[in-house]
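# A structural walkthrough
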Amino acid sequence: MKKILPYAIFLTFLTGLFAGQLSANAEGSVVIQKVIKDLVIYEESTTNSAEIGKVSKGTYVNVTQASKGWTHIQTSDQTGYVTSDGLVKLKSEGYLVIQKGGTTLFKAPSQNAQQVGKLYEGRVIYVYGTAPGGWSFIQYGEDTGYVATNALKKPVPTKKQINAEAGTELRLTASPNGEVLGTLANKTIVQYYITLAGWAYIEAGDQKGYVKASELANIQLTDNKVYNKGVPVAKGAKKRVALTFDDGPNAKVTPQILATLKKYDAKATFFMVGKNVSRNATLVNQVYAAGHEIGNHTFDHKKLTTLSIAGVKQEVNGTSNAIYAAIGQYPTVFRPPYGAMNDQVRSVMTIPSILWSIDTLDWKHHNADKILAYVKASVKDGSIILMHDIHQTTANGLENVILYLQKQGYEFVTVSEILQ
Ligand code: NI
């Protein structure tokens, strides 16, 4: 996520954008469709009425009403009826404006076209599709038009779940006065994008809007199974890997890793050692606030299979409490030091224990280039990759690992996400 706008502009845009966008949807007044063959625009819904003009294949139009095979449309300069078989419905996707200083919304896909307005950096807009020449057709509030595609970026959502016994209200705007669009039940899994002044913008199925950020939590698997790889994605979906970083947080290395992950919008999981959590509470908060998952890696990095059950509980619970003290949430996953598990250790766990598919051996070779070599040798969809955010060489090698995986078509998700 990029810089947030000054607060005042920000609220104005929220109100403008989401009031327009969603109430319009509720009233059916802003519906975008795409023209799939050249069409004649008629004054009335009959071929016997006057021809107003033409609209060509590939044009995006605003649909105001449809019945009996005719659709009333608005283009950037014409209004009238066309036959409905020449239109297709479109789904929109939320994108962030990333252009420094904002970008211009045009009526037509050209720098010379009439300007509709300005879109500020950090805004969430809806993209319906593209047009030749590097343009995207977008909706922002009640405005529609074209912006340069390279001014936009698809934010990588994180899966979260509703954490409110009675469910939570989904609102049109980021405000307690925002129109209520519906209620999302407790434990509903949502795609979370960005938090704005205590309100989280989420998508759940066809529903989009704001919920209170405090009523959203990380997905919590409550089994105590042991996993060493993720669930393969459905056919056609993007391959996934889970980058994991153990033994931190480390005041010097962890911030560098966070910066690299942020640069590529990559989400990761940090298995933290309890004694380091207590010392670096601010850093733990930064990791959490950046959308990464936080896991438990014992308090003193002990080999749990050598401890009594009371000793195991002390190591595990001490860390969970330290993490809760730092971020107000308990860790969602556990990783045993050295991968050492047995039935006694498992009996203590109420969250999944996560091993790994690829050990980069970064702790052993301290060689930034070798990390990528180990990843290249065995990465596949669902891989869980083990690294450590306490070695400078790991921070140095991370960017090349991400660049390689990104080029291979991988998406970077948290451990809990890759398990479902
Ligand atoms: Ni470790």
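Residues numbered from 1 in each chain as written. Predicted model: local features only at pLDDT ≥ 70, side-chain atom pairs only at ≥ 80, totals over all residues. Heavy atoms only, no water.

### Digging into helix α4 (residues 281-289)
Note that an α-helix has 3.6 residues per turn; residues three or four places apart therefore point the same way. For clarity, the cut-off: Exposure is judged per residue with a 1.4 Å probe applied to protein chains only, and the accessible area is read against the type maximum: over 50% gives exposed, under 20% gives buried, and values in between give partly exposed. Helix numbers and strand numbers start at the N terminus; a helix is a DSSP run of H or I with at least 4 residues, a strand a run of E with at least 2. Directions are taken from the helix axis to each C-beta atom, and the arc is the one they span.
If you check which residues of α4 are buried, you get L283, V284, V287 and Y288. With its buried residues spanning 140° around the axis, α4 presents them on a single face. In this structure, α4 carries T282 and A289 as exposed residues pointing more than 90 degrees from its buried face. One or two positions beyond α4, positive phi appears at G291, with a value near 95°.

### Focus: the nonpolar core
In plain terms, the rule: Put simply, buried Ala, Val, Leu, Ile, Met, Phe, Trp, Tyr and Cys residues joined by side-chain atoms within 4.5 Å make one nonpolar core.
Among the nonpolar cores identified, the biggest contains 36 residues, and L243, F245, L261, F270, I385 and L405 are the most heavily contacted of them. Broken down by element, the residue count for this core peaks at five residues, all from helix α9 (residues 392-407). Among the nonpolar cores identified, the runner-up in size contains 20 residues, and A113, W135, Y193 and L196 belong to it.

### Examining the coordination of the nickel ion
Note the threshold: Think of the donor list as every N, O and S atom within 2.8 Å of the metal, or within 3.2 Å for Na, K and Ca; water never makes the list, so a site can look incomplete.
Coordination sphere of the nickel ion, protein contribution only: D247 (OD), H297 (NE2) and H301 (NE2), at 2.1 Å. Each donor residue of the nickel ion belongs to the same chain, and together they define the spacing D-x49-H-x3-H. In this pair, D247 sits in the loop between β23 (239-246) and α2 (253-263) while H301 sits in the loop between β25 (293-296) and α5 (309-327), placing the two residues 54 residues apart along the sequence.

### Remarks on the packing of aromatic side chains
Given two aromatic rings, one states the distance between the centres and the angle between the planes to describe the pair. Basically, it comes down to this: Pairing of aromatic side chains here covers Phe, Tyr and the six-membered ring of Trp, requires ring centres within 6.5 Å, and sorts the geometry by plane angle: under 30 degrees stacked, over 60 edge-to-face, intermediate tilted. Sitting over a ring, as applied to charges here, requires NZ of Lys or CZ of Arg to be within 6 Å of the ring centre and within 35 degrees of the ring normal.
Tallied over the entire structure, the rule returns ten aromatic pairs. Here the aromatic rings of Y60 and F137 are separated by 4.6 Å at their centres, their planes lie at 5°, and the arrangement is stacked. Within this pair, whereas Y60 is found in strand β4 (residues 60-67), its partner F137 is found in strand β12 (residues 135-140), the two being separated by 77 residues in sequence. Like F137, Y60 is buried. Consider the rings of Y193 and Y201, whose centres lie 5.8 Å apart with planes at 45°: the pair is tilted. Exposure remark for Y193: the relative accessible area of 8% places this residue in the buried category. Every member of this aromatic cluster is reached through a ring pair, and the members are Y60, Y128, F137 and Y146. Taking NZ or CZ as reference, K160 lies 5.2 Å from the ring centre of Y192, over its face.

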